[in-house]
Every structure is written in C-alpha cells, then in structure tokens.
Amino acid sequence: MKVVVLGGGPGGYVAAIRAAQLGGEVTLIEKSTIGGTCLNIGCIPTKVLLHSAELFNEIKDSSKFGIEVSGDIKVNWSELQSRKKIVVNTLVSGVRSLLAFNKVKIINGVGNFETKNLVSVTKENGAVENIEFDKVIISTGSIPVIPPIEGKDLPGVIDSTDALSLNNIPKSMVIIGGGVIGIEFANAYNAFGCNVTIIEMLPFILPPVDREISEIIKSKLNSEGIEIYNNCKVTKIEESGKVLSVAFINGDKQLKVDAEKVLVAVGRRAFIEELNLEKAGVKTEKGCIIVNDRMETSVDGIYAIGDCTGKNMLAHVASEQGVVAAENIMGKNVKMDYKTVPACVYTKPELASVGLTEEQVKEKGIDYKVGKFPLIANGKSLIMNEISGIIKIIADKKYDEVLGVHILGPRATDLITEGALALRLETTLQEIATTVHAHPTVGEAIKEAVLAVNKEAIHMINK
Ligand code: NAI
C-alpha cells in the first residue's frame, strides 16, 4: 500500500510511523522542519520557556524552603534561547531517526494535489516531483489568526511564533486573547519580569475550562501582577513614541495600555490553502477539511487529521487521529473517540481537565453531583508549597459515573491521565475510591475529591 502523508507535525509523523509499522510504503512530505508546530514553534519550545520561568520563581522563593541563594538571580535570555533550540533539535532528530528506522521516505517540499491519486511536490530549488499513491493523509496543521485590527502590522506586534524567539525580555507586553496561548505566555513573560496585560473579549479567560477553575487561575494571575481586562474589544494599535499603544473598549469606556510588544493570540485556523484540494474534490467547511470519525474526507482514499480538520487543535488529538487514519488505511476499522481528550494549560499551578465541565453538564441537562478537594489539605502540595489548587470531580447522579475531572495543581498535566482512563473505562466513583492511591502524592487528592462527591472525603470536613 503506497501511503503519502502531507505534513510532518505530531499528526503526520505519527500517522507515517503507524502506517509503516503496519506494512505501508510511506512517503512523508514536509515543507519545513519535521515535528511541525508542536515541536518547533509550539508545545515544546513554550514549555522550555515555562519550565525556566517556574525554576526562576522557585529559586527566588527558595528561602521559604530553607535554601539561601546569594548573589543576583538573573535570567540569561540567550542561554535560555539556546537551551530551547537544543531541546527542540534533540526531539526533531529523534523523530527523524524513528521515521528512518520505520523506512518512511521524507521529501522536503510543498505538496499539492494534481488528482485524487497524485501529488506534486515543489522543492526549495524549484524542482517538482510527482508522487502517486493509493491513500493519502493530509496533516497540514494551522496558523495563527490575525484579526483585522488597525495597526496589526506595526513592528512590535507579534504572534506566538515571534514570542518564542524575542531578542530580549521586553519591559512590557499586551496580550490580545486570554486563551491557552495568551495565558501561557503571560505566565512565562511575567515570571521573567515583563509587565503583562491581557485583553480578552469574553467575560472570562480560558473559555473551554470549567468556569470555577478559570476564576481561580484568574485571581492567581492577578495576584502575580498580571492585569486582565475582560469584556474588552481592541480597536486600534498605534505607535506612541518608543512603545505601542493599544486602544480598547469596555462597554462605553475607552481604555488604553502602552507596551513594548503586543502579542496577538486570538486563536489558530486550519492551514489548507497550498493543497489545491479542489483538484482532488475534497470538501471543506468554514476553512477546515470535513472528516468523519474514521478520519476519512469526502473523497475515498483521502484522509485528514490534526488542526487542518478544525477539531480539537491539540497535538495529542492530532497524533491519535493519525493512528486512527493509518490503521483504517491499513485495513483495521477504528474510530476516533474525543471523550477522553485531556486539555492542559501550563500555568503555575498547572491546569488539566478531561470530560465535561460543570457548565456543559448543566447545558446537557444531566443530573449531576460535584466533589471538590482543596490542595491546601494535601500533604504533597503543602510540601511543594503549591496550595492554591483544587481538584473537582463531576459525576452522574444516578449511576455515579465519572463525567469530568478538573485538576488545578502541581503536575496536573501528568495526573490527568487517571481521569482520561476513568472516562475511557466509564468508571464509577466507587472504582476510583477503592483504588489505592500512593501517599504522599498529589494524586491521592483525586481519590479525596472522588470521595467528596458523596461527602465521604477523609482529609477534609465534608459539608
Ligand atoms: P484560543 O481559542 O484558546 O483562545 C483565544 C482567545 O482569544 C479566546 O479566549 C477568545 O475569546 C479571545 N479572542 C478572540 N478574538 C479576540 C479579540 N479580537 N480580542 C480579544 N480577545 C479575543 O486560542 P489560542 O490561545 O490562540 O490557541 C490556539 C490553539 O492552540 C488552541 O486550539 C489551543 O487549544 C492550542 N494550544 C494548546 C496548548 C496546550 O494544550 N497547552 C498551548 C497553546 C495552544
């Protein structure tokens, strides 16, 4: 089976490896660097910055832990930038070796459809190579959305890619958009000493997150000195001496904030314009490729995965969709299940959730109950001095089935896998409660939150 994969991000490279494992003769076409947005300009480099930001804060706070540090504690920005490059390059070369081991052929160039069974690849030197295939997986990702705000093209107005590689730490930054990208960069730059202001259109930040949790994060960010304006619409960005001035409105109030940089983080959109999809007859809707849960497009033999399908724009979703597409191509019959997709935000403390939020269960009219356990009552969190978090469990009232797990706390992004597995197995509260959780861990607070649903938590007063 000749399989072509268009795009080598976490969707495409995983799909390529899986198809090759199952016996496919796979060609991966990538116009830039293997690893896509995630490895090169997304998940990985941002977490390198955030990890250093966290370390920086911990060192500044070290006396609380009985550690005295003498001398100036400073951020060495160029060292941090080179560490970022080393981490990214290590992972990219690891992926390249995996592809080579699995005998995936990589072609560097821009691929576009000539027919439903032929793509032409235009290489950097202008040479064109035609490749025929039996099946193709489109995995061309997404790019940042830049809204039509006056002044958006001024120097100093940046997107998330630029924000990763600034020459120095700016003194001040306005972030337009209080979604995941905005909040993560706000955390990092604020920790590095930049004065950060967030301007968000909606009445809350982090729209998909359980509202109670996003409100806690919001006050934490405020207490760290990040100014957040909700219900605001940016009207104009203009140069004002050496800085940029961002004008915005809140109801009938006209407001203005000056900053050295303005980061626009108002979402991403599918990137499919170079593909010539019309030549293959692939249908799109609102700029995204239409797929079913087998990752099939409207054209037989053409599959699409990842951000270009406009589903959950997350690397782990793209990878899972890649496995589903590759397995279906190679003769299995599998479907993508979005129920167990965790969402993670790398704030401090981290935030991770899976399943339904309280707003969603209400909207669906589900009879539900909630259990909450504050991490101030958890030994490990206290040891780590990370006590502002909370674990919230949402369960079905009749069957005690776990419907949502929301963790705000240290290592939340690692802990959430227990929640994802619980949802995958349609677990009841009883099943988690009777699973022995190690002590002392943050994870044991998940069990306590589960017990709290029926007012049976041991380490807090059940009200
Ligand atoms: P997003 O959709 O998460 O958030 C965009 C925010 O901007 C929303 O709160 C929205 O209300 C607001 N907004 C939209 N237009 C606005 C305007 N004109 N003025 C003010 N606010 C406005 O998009 P974001 O943060 O850019 O992230 C893009 C994608 O990347 C998302 O799908 C996200 O899930 C993914 N991502 C995931 C990460 C993770 O899993 N940790 C990290 C970074 C990105």
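As the structure is a prediction and not an experimental result, all values here were calculated from the model. (Residues numbered from 1 in each chain as written. Predicted model: local features only at pLDDT ≥ 70, side-chain atom pairs only at ≥ 80, totals over all residues. Heavy atoms only, no water.)

Chemist: Explain the domain arrangement of the protein to me, using residue names and the numbers behind them.
Modeler: According to the domain assignment, the protein consists of domain 1 (2-143 + 269-329), domain 2 (157-266) and domain 3 (343-453). In this assembly, 17 residues from domain 1 lie in contact with 15 residues from domain 2. Looking only at domain 1, the three residues that lose the most surface to domain 2 are I41, L50 and W77, adding up to 42% of its buried area. Taken together, the connections running from domain 1 to domain 2 amount to one salt bridge. Here E184 makes a salt bridge to K47, at a shortest N to O gap of 2.7 Å. Along the contact surface separating domain 1 from domain 2 lie five residue pairs in polar contact (both at pLDDT 80 or more). (Domains from an automatic or database assignment. Contact = heavy atoms within 4.5 Å. Buried area = accessible area lost by both parts, 1.4 Å probe. Salt bridge = Lys/Arg side-chain N within 4 Å of Asp/Glu carboxyl O. Polar contact = N/O pair within 3.5 Å; in protein donor to acceptor, adjacent residues only side chain to side chain.)

Chemist: Account for the sheet that holds strand β24 (residues 390-396), naming residues and giving values.
Modeler: A sheet is described by the order of its strands in space; here five strands give the open sequence β21-β22-β25-β24-β23, paired in antiparallel fashion. The two strands at the open ends of the sheet, each matched to only one other strand, are β21 (343-345) and β23 (368-374). When strand polarity is set aside, the average angle formed by the axes of neighbouring strands in this sheet is 10 degrees. Pairing between strand β22 (residues 351-355) and strand β25 (residues 402-408): five bridges, direction antiparallel. By the bridge assignment for β25, A352 is matched with I407. (Pairing = 2+ DSSP bridges. Helix = DSSP H or I, 4+ residues; strand = E, 2+ residues; numbered from the N terminus. Axes fitted to C-alpha atoms, helices over the stretch in contact; angles between N-to-C directions.)

Chemist: For the pairing of β24, give the residues involved together with the corresponding values.
Modeler: Taken across its seven residues, β24 has seven buried, putting it largely inside the fold. Here β24 hands over to β25 after five residues, with D400 in that stretch at a positive phi of 60 degrees. (Buried < 20%, exposed > 50% of the residue type's maximum accessible area, 1.4 Å probe, protein only.)

Chemist: Run through the site of the ligand, naming residues and quoting values.
Modeler: In the vicinity of the ligand lie 21 residues, with I181, E184, E200, G267 and C344 positioned nearest. Side-chain polar atom of E200 to an oxygen atom of the ligand: 2.6 Å apart, as the coordinates give it. The separation between a nitrogen atom of the ligand and a polar main-chain atom of C344 is 2.8 Å. Across the complex, the protein chains shield 79% of the 840 Å² of accessible surface that the ligand would expose by itself. Looking at the shell around the ligand, the element that brings in the most residues is helix α6 (residues 180-191), giving three residues. Here the residues of the shell around the ligand sort into 13 nonpolar, four polar and four charged. Both domain 1 (2-143 + 269-329) and domain 2 (157-266) contribute no fewer than three residues apiece to the shell around the ligand. (Near = heavy atom within 4 Å. Areas by Shrake-Rupley, 256 points an atom, 1.4 Å probe, with all protein chains shown as cover. Nonpolar A, V, L, I, M, F, W, Y, C, P; charged D, E, K, R; others polar.)

Chemist: Please give an account of the nonpolar core that cites residues and values.
Modeler: Ranked by internal contacts, the top residues of the largest apolar core, which has 54 residues, are L6, L99, F113, I138 and I289. Residue contributions to this core peak at seven residues, all from helix α1 (residues 12-21). Residues within four places of L6 in sequence aside, it is in contact with I29, G111, F113, V119, V136, I137, I138, S139, T140 and L275. Judged by nonpolar contacts, the second largest core, of 37 residues, contains L164, I217, L351 and L408. (Core = buried A, V, L, I, M, F, W, Y, C linked by side-chain atoms within 4.5 Å.)

Chemist: So what's going on with the UniProt feature "active site" (unreviewed entry) in the protein? Which residues, and what values?
Modeler: Under the present numbering, the feature "active site" (unreviewed entry) in UniProt falls on H439. Along the chain, the position of H439 falls in the loop between α13 (429-433) and α14 (444-453). Owing to a relative accessible area of 63%, H439 belongs among the exposed residues under this scheme. Separated by 2.8 Å, the side chains of H439 and E444 make a polar contact. (UniProt positions renumbered as here; feature names shortened; annotations may be inferred.)

Chemist: Please set out α14 residue by residue, giving values where relevant.
Modeler: Here α14 lies mainly inside the structure; nine of its 10 residues are buried. Those residues of α14 that fall on the buried side of the exposure criterion are E444, A445, I446, E448, A449, V450, L451, A452 and V453. Tucked inside the fold, the buried residues of α14 contact β23, β24, β25, α12 (412-424) and α13. Note on α14: the residue one or two positions beyond its end, K455, has a positive phi of about 55 degrees.

Chemist: Tell me about the UniProt feature "domain: Pyridine nucleotide-disulphide oxidoreductase dimerisation" (unreviewed entry) in the protein, and please be specific about residues and values.
Modeler: UniProt tags residues 341-449 as "domain: Pyridine nucleotide-disulphide oxidoreductase dimerisation" (unreviewed entry). Strand forms 27% of residues 341-449 and helix 32%; the C-alpha atoms that close the span are 20 Å apart.

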